[in-house]
Amino acid sequence: MEVLHHPSPVLKARAHEIDPATDEGLRDFVRAMAETMYAESGIGLAAPQVGVDKRVIVFDVDDRLAALCNPVIIEHSDEKVVDEEGCLSVPGVNVPVERSRRIVCEGMTIEGRPITIDAEDLLARVLQHEIDHLDGVLILDRAPADLKKSIIRAYNEANNL
Ligand SMILES: [Zn+2]
């Protein structure tokens, strides 16, 4: 699978919910997403990044591969943390992004079982980043106002745009 890069319009669109129970190729799709993520040395990947309009993400934090369908963040901690993020769809730049330090996320496994994830620190950051992709939001959109222009300029230079 090929990872799309900004400014692909697919990356700006809101992806649609899926029904894991009736989504025939879901298991193979998720496996291919995971292979792509590992091949690109990423720790998370969202379906829109490979051009697929589905609310599906894969991630691997602490050597545990997981997939999540239709994830929704139901709780954000008041405590926020700024840290540098990279993105396979935004190669060549890192962006300081403010995220909640802890979140609670609901979703479904690929078998369609409801699942709740209570996540902190890196896992919370990865989930917020990947769920942003499902809503068409990139780290460039999250860049601090005073750095946005220079980050976009650096991105364009790094990618010959
Ligand atoms: Zn990303």
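Here, every reference points to the structure presented above.
In this text, all values refer to a predicted model and were calculated from it rather than measured experimentally. (Residues numbered from 1 in each chain as written. Predicted model: local features only at pLDDT ≥ 70, side-chain atom pairs only at ≥ 80, totals over all residues.)

Each helix and strand in the protein chain was counted, giving four helices and seven strands. In the protein chain, the succession of helices and strands from N to C terminus is α-β-β-β-β-β-β-β-α-α-α. Against the 2.2 N^0.38 benchmark of 15 Å for 161 residues, the protein chain shows a C-alpha radius of gyration of 15 Å, consistent with a compact globule. Counting all 161 residues of the protein chain, 35% fall into the buried class. In the protein chain, of all internal contacts separated by at least 6 residues, the share reaching a separation of at least 24 is 66%. (Helix = DSSP H or I, 4+ residues; strand = E, 2+ residues; numbered from the N terminus. Rg over C-alpha atoms; globule rule 2.2 N^0.38 Å. Buried ≥ 20, exposed ≤ 12 C-beta atoms within 10 Å, placed from the backbone. Contact = placed C-beta atoms within 7 Å.)

What follows covers the sheet that holds strand E6 (residues 102-108). A sheet is described by the order of its strands in space; here five strands give the open sequence E1-E2-E3-E6-E7, paired in antiparallel fashion. Edge positions in the sheet fall to strand E1 (44-46) and strand E7 (114-120), since each has one partner strand and no second. Averaged over all neighbouring strand pairs, the angle between strand axes comes to 40°, with direction disregarded. Taken together, the seven bridges between E6 and E7 define a ladder with antiparallel strand orientation. The partner of Cys105 across the bridge, within E7, is Ile117. (Pairing = 2+ DSSP bridges. Axes fitted to C-alpha atoms, helices over the stretch in contact; angles between N-to-C directions.)

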